[in-house]
Amino acid sequence: MIVAESIQLENRGRIDTGAEQWLRVVEGKTASLFRWAMWSGATAGGLDARAASALEEYGLHLGVAFQAVDDVLDLTGDHRATGKALFTDLREGKMTYPLIVALERDPDLRPVVADIVANQDAEIDESVRVRVLASLAETGAVRDCLAMARERVDLAAEALSHVPAGAARDALRTVAETAVSRQT
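Residues numbered from 1 in each chain as written. Predicted model: local features only at pLDDT ≥ 70, side-chain atom pairs only at ≥ 80, totals over all residues. Heavy atoms only, no water.

S.K.: Would you mind going over the environment of arginine 152 with me for this structure?
M.R.: Relative to the helices and strands, arginine 152 resides in helix α10 (residues 141-159). Classification of arginine 152 by relative accessible area gives buried; the value is 14%. Taking C-alpha positions, arginine 152 is 6.9 Å from valine 64, a pair spaced 88 residues apart along the chain. Not counting residues up to four positions away in its chain, the partners in contact with arginine 152 are Leu23, Glu27, Leu60, His61, Val64 and Ala65. (Helix = DSSP H or I, 4+ residues; strand = E, 2+ residues; numbered from the N terminus. Buried < 20%, exposed > 50% of the residue type's maximum accessible area, 1.4 Å probe, protein only. Contact = heavy atoms within 4.5 Å.)

S.K.: Looking at this model, I keep getting lost on the packing of aromatic side chains. Mind explaining?
M.R.: For any pair of aromatic rings, geometry is given as the distance between the ring centres together with the angle between the planes. The full count for this structure, using the stated rule, is 2 aromatic pairs. Here tryptophan 22 and tyrosine 97 contribute two aromatic rings whose centre-to-centre distance is 4.8 Å and whose plane-to-plane angle is 50°, an arrangement assigned as tilted. A residue pair is termed long-range when its members are at least 10 positions apart, and tryptophan 22 in helix α2 (residues 19-28) and tyrosine 97 in helix α7 (residues 97-105) qualify at 75 residues. Judged by relative accessible area, tryptophan 22 falls into the buried class, the value being 6%. Here the aromatic rings of phenylalanine 34 and phenylalanine 66 are separated by 5.4 Å at their centres, their planes lie at 45°, and the arrangement is tilted. Placement of phenylalanine 34 in helix α3 (residues 30-44) and of phenylalanine 66 in helix α4 (residues 49-76) is noted, with a sequence separation of 32 residues between them. When the ring centre of phenylalanine 66 is taken as origin, the NZ or CZ atom of arginine 182, which lies over that ring, is 3.7 Å away. (Phe/Tyr/Trp six-rings, centres within 6.5 Å; stacked < 30°, edge-to-face > 60°. Lys NZ or Arg CZ within 6 Å of the ring centre and 35° of its normal.)

S.K.: How should I be thinking about unusual backbone geometry in this particular structure?
M.R.: Note: most residues except glycine have negative phi, and most peptide bonds are trans. One non-glycine residue, phenylalanine 87, adopts positive backbone phi at about 70°. For phenylalanine 87, a relative accessible area of 1% gives the class buried.

S.K.: So what exactly am I meant to see when it comes to the environment of leucine 75 here?
M.R.: The residue leucine 75 is located in helix α4 in this model. Judged by relative accessible area, leucine 75 falls into the buried class, the value being 1%. C-alpha separation for the pair leucine 75 and proline 98, spaced 23 residues apart in sequence, amounts to 8.6 Å.

S.K.: Please explain a nonpolar patch on the surface as it appears in this structure.
M.R.: Taken together, the side chains of Met1, Leu33, Trp36 and Trp39 define a hydrophobic patch exposed on the protein surface, amounting to about 480 Å² of accessible area. For tryptophan 36, the position within the fold is in helix α3. (Patch = residues over 30% accessible without salt bridge, like charges linked within 9 Å, V, L, I, M, F, W, Y side chains within 5 Å. Areas by Shrake-Rupley, 256 points an atom, 1.4 Å probe, with all protein chains shown as cover. Salt bridge = Lys/Arg side-chain N within 4 Å of Asp/Glu carboxyl O.)

S.K.: What exactly am I supposed to notice about the pattern of salt bridges here?
M.R.: In a structure, side chains of opposite charge can pair up when their charged atoms sit close to one another. In this structure the tally under the stated criterion is 13 salt bridges. Across the salt bridge formed by aspartate 70 and arginine 182, the nearest N and O atoms sit 3.8 Å from each other. Note that aspartate 70 is positioned in helix α4 and arginine 182 in the segment after α11 (167-179), a separation of 112 residues in sequence. According to the relative accessible area criterion, arginine 182 is buried, its value standing at 14%.

S.K.: What am I meant to see in the side chain of aspartate 71 here?
M.R.: If you trace the backbone, aspartate 71 turns up in helix α4. When neighbours within four sequence positions are excluded, aspartate 71 is seen to be in contact with Trp22, Asp89, Thr96, Tyr97 and Pro98.

S.K.: When you look at the side chain of aspartate 74 in this model, what are you seeing that I'm missing?
M.R.: Of note, aspartate 74 is situated in helix α4. A distance of 3.2 Å separates a polar atom in the side chain of aspartate 74 from the backbone nitrogen of threonine 88. If we ignore the near neighbours within four places in the chain, the residues touching aspartate 74 are Lys84, Ala85, Leu86, Phe87, Thr88, Asp89 and Leu90. (Polar contact = N/O pair within 3.5 Å; in protein donor to acceptor, adjacent residues only side chain to side chain.)

S.K.: Which parts of the structure should I look at to understand the nonpolar core?
M.R.: One recurring pattern in soluble globular proteins is that nonpolar side chains are buried together. Ranked by size, the top nonpolar core spans 50 residues in total, and within it Trp22, Tyr58, Leu90, Met95, Leu99, Val113 and Leu136 carry the most contacts. Of all the secondary structure elements, the ones that give two or more residues to this core are α2, α3, α4, α7, α8 (110-118), α9 (126-138), α10 and α11. Per element, the largest residue contribution to this core is 13 residues, and it comes from α4. (Core = buried A, V, L, I, M, F, W, Y, C linked by side-chain atoms within 4.5 Å.)

Structure (structure tokens):
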């Protein structure tokens, strides 16, 4: 987690962060916490090594999906539901997955995002918000980010095939499914 946090801090304010760097940070932070929680629960619950490994894989994929949805909510969510002002990550200089995708597909968005990052403490003008949101829609960045999250949830669900059937496995499948449809 420390290495991933260091990478994120090193890239703070850099709009040239790519999807690989984003994934490396997410796998090292959010997903590693999910992985550890699943593995430690499996170990404490006395599951065999194969089931513990499957739950660890489940946690990895669920963590990536969870963060991808969180990235979308930072830009398009309802701040009353999320409890967080929109564009918070961007204003802090953190490049989120949908923004990375939008920047790759819409080079004209670069100066707009660069200006937001450079003026972190300034309120984002409504016309700028509209421009960013329009680019996210036009480039399909939000759609593709959510599709990637859905793929990760599917991989998480597949990993559960090595976990004993029962209410706990069913609950974990439900948790994964709700991760991509959450609004907070």
